[in-house]
Amino acid sequence: MIKIILSLVLIGSLLLLGYIIFSRRLGFAWLTRLGLHIVLAALGIYVVNFSGLLTETYIPMNPVTISTVLILGLPGVGLLLGLKLTML
């Protein structure tokens, strides 16, 4: 019973999202901007990993770390570095 309710909520959410995208004519420009932000987040983590400034730290590139940097920006890289240094 709960799976049916969750499926209906998912279908309703997808329909409403599609309505918003097509009625407001958002286009696909937001996908380009999102892709650019993902690449810049990965580049920020890459620079920290291979710059040689902090040789004992390595931030893995996975969806969690990239999304953290994607949401928080460059302070997200600092947050991940701080977490890594305190966990050592």
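Rules of the game
Residues numbered from 1 in each chain as written. Predicted model: local features only at pLDDT ≥ 70, side-chain atom pairs only at ≥ 80, totals over all residues. Heavy atoms only, no water. Helix = DSSP H or I, 4+ residues; strand = E, 2+ residues; numbered from the N terminus. Rg over C-alpha atoms; globule rule 2.2 N^0.38 Å. Buried < 20%, exposed > 50% of the residue type's maximum accessible area, 1.4 Å probe, protein only. Contact = heavy atoms within 4.5 Å. Axes fitted to C-alpha atoms, helices over the stretch in contact; angles between N-to-C directions. Parallel < 35°, antiparallel > 145°, perpendicular 65-115°, else oblique. Nonpolar A, V, L, I, M, F, W, Y, C, P; charged D, E, K, R; others polar. Core = buried A, V, L, I, M, F, W, Y, C linked by side-chain atoms within 4.5 Å.

Draft legend 1. Quick look at the overall build of the chain. Scanning the chain from terminus to terminus reveals four helices and zero strands. Helices (α) and strands (β) of the chain occur, in sequence order from the N terminus, as α-α-α-α. Relative to the globule expectation of 12 Å for 88 residues, the C-alpha radius of gyration of the chain, 19 Å, shows a markedly less compact shape. By principal-axis analysis of the C-alpha atoms, the chain measures approximately 50 × 35 × 15 Å. Of all 88 residues assigned to the chain, the portion counted as buried reaches 18%. Relative to all contacts within the chain whose residues are 6 or more apart in sequence, the contacts with residues 24 or more apart total 48%.

Draft legend 2. Spotlight on the packing of helix 3 (residues 63-72) against helix 4 (residues 74-87). At a minimum axis distance of 6 Å, the contact between helix 3 and helix 4 shows a crossing angle of 135°. As judged from the angle between their axes, helix 3 and helix 4 are oblique. Here helix 3 contributes Thr65, Thr68, Val69 and Leu72 to the contact with helix 4, which in turn contributes Leu74, Pro75, Gly76, Val77, Leu79 and Leu80. Looking at side-chain class alone, the contact of helix 3 with helix 4 contains seven nonpolar, three polar and no charged residues.

Draft legend 3. Spatial organisation of the nonpolar core. Grouped together as the largest cluster of nonpolar side chains are ten residues: Ala41, Ala42, Ile45, Val48, Ile59, Ile66, Val69, Val77, Leu80 and Leu81. Elements represented by at least two residues in this core include exactly helix 2 (29-50), helix 3 and helix 4. Of all the elements, helix 2 adds the most residues to this core, at four residues. Excluding residues within four positions of it along the chain, Leu81 makes contact with Val48, Leu54, Thr57 and Ile59.

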